[in-house]
Structure formats: C-alpha cells, structure tokens
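# Residue-level structural notes
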Amino acid sequence: MSKATLTAVFIAFLLTSSGAKPNGKNKKPKQAVPAIECDMRAGKINLSEFIVKCPANCRETKEKVYGTGVFASISSICNAAIHSGVITNSGGKVIVTKMAGQMIYKGSFANGVRSLSLPNRRESFSVSASPVTEAVETEPSSTAAPPTTTHVTTPITTAPPITTSAKPRVINHRVPEAGQSQSTQGKGPAQAFRGSSVYANRFSPRTNTGVHRPETGTIIRRQPHVSSSSAPAPEHKPPSETSSPVPEVLSQGDSNCKVDIAFLMDGSWSIGKRRFEIQKDFLVGVSQVINVGVAGPMMGIIQYGDDPVTEFSLKHFSSSIDLTPAISKIVQKGGLSNVGKALSYINKHFFSDANGNRGGAPNVAVVLVDGWPTDEVEEASRLARESGINIFFVTIEGPDENEKQNVVETNFVDKAVCRTNGFFSFPIMSWFALRKAVQPLVKRVCDTDRLVCSKTCLNANDIAFVIDGSSSVGTGNFRTVLQFVANVTQEFEISDTDTRVGIVQYTYEQRLEFAFGQYNNKADLLNAIKRINYWSGGTSTGAAITFAADQLFSKSKPNKRKIMIVITDGRSYDDVRAPALAVHRKGVIAYSIGIAWAAQDELEYIATDPDRDHSFFVDEFDNLYKYVPKIIHNICNEFNSQPRN
C-alpha cells in the first residue's frame, strides 16, 4: 500500500472516529471517560468538562473528599458525587466541571460521606447529574394522532376521554402580602397573632392530591384534560377507584438557608398560658416562613423550665406543613426559667448525628426568654459557642428598673450570644410585638456568612509555636522561620472565640513571646509575629516543651483543640522524651519540624503518633514553606475524622 493511500485511510479513520458530519452541524458532546475506580481524583483527568461512570460501593472505600459543593481537585470524583447527592452508593454517571481554585474548602457530612476541610488549591471541580434522554417522555407515539389538550379548571359535568399526553397544571399557593390578611379587630392576642399574613398558610388543610416541586416550592396538581378523541366516555367512579395515590415527596426546603436550628422555648410558669400560646404561634410562623426541607433548614424544639426536654429533634419533620400540628400539641411544662441548663443540654445532647445533625449545616440555637433566666448562662453558653453553636436570644418584656435586682446574671444576653454586635440579640418590648420579629429573625439565621460560631478545623484551636532561637539558626534563617509561622497562622480564623495562637522562643532559656488571646485578630497577630526578636544561645528543647505546657496550655480553653508545633535545627542538650510524653497525656497534638542538623529520633519522640503525619524534616530553612499546606491538611484531616463534641 502506497504512502498516499495510508494517509487517506488515516484521515478517514479520524473523521469517522470523531463523529464529523460532512453535511450538517456537529454538536460537540461532553467527552466521556471510560469507567473509573472509586479513588480516581478529578485532577488526574486533564479535561475541563467530562462524564465519568462511577462504580458501586464507593462510599465503603472512604476515599478522601475535600470541600462542600465545590471540591478540591485532589478529591475522589465518585465520593464527591455521593456527598453532593448526584449519585447514590450504587454508582452512576456524573458530569465533572473543572473550575478555578478556592481560598478554602470547608468540610461537612452528607449522604454518608464526610468531606474534609482544606486551604487553597490551584484547581477545583463541581459535580452534577448526567441528563437522561428526554425522547421517551416528550415524543408522541408514531401511531397516535397529535393530541389536543385543553386545561379544565371547573368541575366536569360530562366525562370526556382523558389523554395521557397532557402536561401537569401548576398551582402556586402564595402567602398574602401585608394588608391582605383578615381583620384581627376584636380578637384576643393569640387569635390576632394567628391572623397575621405570616401565618396565612397555617390553617390550609393538607391533601395528598399533589406532588411537591422542590425547586420552586409549588404543588403540582394533576388535572384532567379534554381530548378531541371521539372515544366513549368512561363510567364515572369515585377517585379512590379511578386514580392511584400520588407518592409523597420530601420537601427540599430553601437551599439558601441550610441550617440546623434548635428553638429553646420558655415553658416556665412565669410566662402564663396565654403568652405560651402566643409563643407557639410565633414558632409556627417561623416554621412557615423559613421553608423547612431536607436540602434547606431543619428545625427542632426544646422546651425548658426546671429541666429541658426535647419536644422534637431535627430529624422528626422534613416540611413546614408537618411542623404546624406538632407545635400546636406542645403542652406547657412549667417550672423556673433555667436557660443555662437548657444551653448545656443542647450542647451535650441535641446537636448529634443521632438527632439529625447534618454536619455540613451550621448549628443555630434560638433562645426565647420571658423576662430573664433564673440560672447563670455565661459558662454554658461559652461551651456551646466553642462547640460551634450560633446562639441567638429573643428576650420578651425584660426586667424593668425595679426588677433588675432579681436578675441572677446581669447582661446575660451579651454573655451568651455568639457576638455582642446586636446581630444575635432581639429585645422585644411586649408579647404583642413578637410576631414582628419573625421575618428579621429568619433573615438572620439564614445568613450563613454571618454565622461565625460554627466550629471547623480552622477556628477551633489553641496553637502554640515553640521556636528554636539558638545561635546555630542565625538571624536570616530565624526570619525565615517566622515567615513560616506567619504562613501557617494565615490559614486559620483568628479571634477570641476562634483559633488563638501563642509563641515561645527558646535557647537554654525560654521566653513567652505572647500568650493565647493576646492578639485577637489576624492583622495584629501577624504583625506581632514579625516583631519577634532573635535571641541566640543553646538548644534545650525539652525544657521549652515543659515551659509551653505551663505558660500556654494550662490556660487553654475547654473544647479547644490543643496543638503544639516545635521547630528546631539541632539536637537538644536535654531530654525531650519525658516532656513530650507529658504534653501528649494532656491531650496536646504535637508536630515536630526538623531542619538541617535536627535529630530524627528526637523529632519522633516529640511528635504525636503516627509520626508520619506529625513529624517532618527539611534539609534547609528555605524549604520550610513546602510544609505549610501539609500541616494544615493534616490538622484538618485529624479534626474532621474525630466525632463532634
């Protein structure tokens, strides 16, 4: 065969294999990748958009996933798809779309897959479902004449033939605008409260004649349609005989408000029966406005008096319409207003996986108080905040000047809420004005960007850097070490209730450069790191570890993860084993970073097990920067693998 013939055959093969059409436009399909394994990472496939087919049982492999919604490119494609709900554990086709890297990827738990948090990466990706062929549903049969359809919106007096090709009719139920509600004149406070436009849907009877459309919140009612066919009319029969029941569809809720909310309602005797009913109507109003659903907010209620009790947990109801009768059945418990005890209860028991906590949704506690608490709230609320719970207070008819002497803890709201900037507190002057707080409260609890108390691997730590300032380091290399410390610190969320950083520099002696909480914002902290002066001297690493335990970790907050990062360039003049073991026993997670002449055995003694995740070595100071992402990754990986407090 001649060279020209071979060339022609090759070109013909390319045209055939590429699907080129000589006459007509060729719509370029997404490129399909052959069947992949569960551990295939998106970054390994060099395409901007493609389709893959995931095998079954990928969730059992527990391949790593980093992020929520948008994932780091080092994530498993199939486990990211399961986490997002695009496929189930039985596998399926997934569209993968590459995109730019993110500054941070936040971990969460969804659909049986726990994703991890991670700092910035160069590349990200998202996953979506592969569309199914629509021809089966949209193309009429070749043997049937094109149907004529007419919507019927009035009762049918004759029974025309029914065509199966008609489209469903959509009926939107709207909440009346302000001013459209029925008059409340002459009603009692509880009745007037129910009459507001916020609660317009409360008394609508629930029927099972429609299908909920998740993306719009509408109900699809299937109506009969008139056909031009001349077939005889069918015999009229009761609905139970002529139609099959429509399967119930879970409400998806408002996806822009994906939060797990606990409402702590006041059941104390001081509130009285009348105001207790107003409080229940308020909660009904919130549940209607907030649009509860499995992809949006989930809502539970705790009633507190002498002791708290869960009326229903996060997993009990998946739609607002189901919440209404449940709230109306709550019976007043009585007793004192022990808010502190209630906050301790939700921290220890309510927000758990067993009770429906989703992990990836921020935890919110809204506390309703008539007057003031009868116990102390500061310590209980602090522990709750440090567990990642965003606390809101709605105080109705607080103490007047004559009653303030009876308040157990003055300024209890400021001591309890997540931030004292007014965002987390609602002072209500009277019970009759409570309904006005529904919309503002819903708006705030759904503002997930401002729910700053959610606990992550980046905001839940007390981190101590123990830095070698010995003479072998030198001034230039010491500045490189400080830059490394600043680069690690930069990745964390710094504040008095988020991650706190303290630094010890050591030679033969030890010096506390600054303590936990001394600098409570990132800019001040980074400036303080830059200002640290090089000391010079010997190398007593063991004594420095003991000093850090005494001066820093002894003052660490409860529920904070205690992390120590030791940086040294040589062998210690004293023993490191006993001091390291002592801090390990106190729950400190220790990382060791050795440079140049550091002793490998000492690095392993200092590091928490397993050594491979907590001990690192670089041959020169200029290579320290390479371990910044590795350390952040390991801290987050370890955090996300632990059960929630």
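As the structure is a computational prediction, the values presented were derived from the model and not from experiment. (Residues numbered from 1 in each chain as written. Predicted model: local features only at pLDDT ≥ 70, side-chain atom pairs only at ≥ 80, totals over all residues. Heavy atoms only, no water.)

## Quick notes on the pattern of salt bridges
- Per the counting criterion, the structure on display carries 14 salt bridges.
- Two residues, arginine 275 and aspartate 370, come together in a salt bridge whose shortest N-O distance is 4.0 Å. With a gap of 95 residues between them, arginine 275 in helix H6 (residues 272-290) and aspartate 370 in strand E19 (residues 363-370) connect regions that are remote in the sequence.
- Overall, the relative accessible area of 9% leaves aspartate 370 in the buried class.
- Two residues, glutamate 397 and arginine 275, come together in a salt bridge whose shortest N-O distance is 3.3 Å. (Salt bridge = Lys/Arg side-chain N within 4 Å of Asp/Glu carboxyl O. Helix = DSSP H or I, 4+ residues; strand = E, 2+ residues; numbered from the N terminus. Buried < 20%, exposed > 50% of the residue type's maximum accessible area, 1.4 Å probe, protein only.)

## Observations regarding the state of the cysteines
- Under the definition given, this model contains four disulfides.
- Residue pairing for cysteine 38: its cysteine sulfur links by disulfide to cysteine 58, the two sulfurs lying 2.1 Å apart. In this structure the cystine formed by cysteine 38 and cysteine 58 twists about its S-S bond by roughly -85°; its chirality is therefore left-handed. Highlighted residues: cysteine 38 in the loop between strand E1 (31-32) and strand E2 (49-54) and cysteine 58 in the loop between E2 and strand E3 (67-68), separated in sequence by 20 residues. Across the pair, cysteine 58 and cysteine 38 agree in class, each one buried.
- Note that cysteine 54 is cross-linked by a disulfide to cysteine 78, the S-S spacing being 2.2 Å. Residues cysteine 54 and cysteine 78 are joined through a disulfide that is left-handed, its torsion about the S-S bond being -95°. Highlighted residues: cysteine 54 in strand E2 and cysteine 78 in helix H2 (residues 77-84), separated in sequence by 24 residues. (Disulfide = S-S within 2.5 Å.)

## Describing the packing of aromatic side chains
- What the rule picks out here adds up to 12 aromatic pairs.
- With a centroid separation of 5.8 Å and an interplanar angle of 35°, the aromatic rings of phenylalanine 71 and phenylalanine 125 are classed as tilted. Taken as a pair, phenylalanine 71 in strand E4 (residues 70-72) and phenylalanine 125 in strand E10 (residues 123-129) lie far apart in primary sequence, 54 residues in all.
- You can call phenylalanine 71 buried: its relative accessible area is 0%.
- We classify phenylalanine 125 as buried; its relative accessible area is 0%.
- Here phenylalanine 514 and tyrosine 519 contribute two aromatic rings whose centre-to-centre distance is 5.2 Å and whose plane-to-plane angle is 90°, an arrangement assigned as edge-to-face.
- Take phenylalanine 514: its relative accessible area is 2%, and that puts it in the buried class.
- On the basis of relative accessibility, which here comes to 23%, the residue tyrosine 519 falls in the partly exposed class.
- Looking at arginine 511, its charged tip hangs above the ring of tryptophan 535, at a distance of 4.7 Å from the centre.
- Lying across the ring of tyrosine 605, arginine 577 places its NZ or CZ 5.4 Å from the centre. (Phe/Tyr/Trp six-rings, centres within 6.5 Å; stacked < 30°, edge-to-face > 60°. Lys NZ or Arg CZ within 6 Å of the ring centre and 35° of its normal.)

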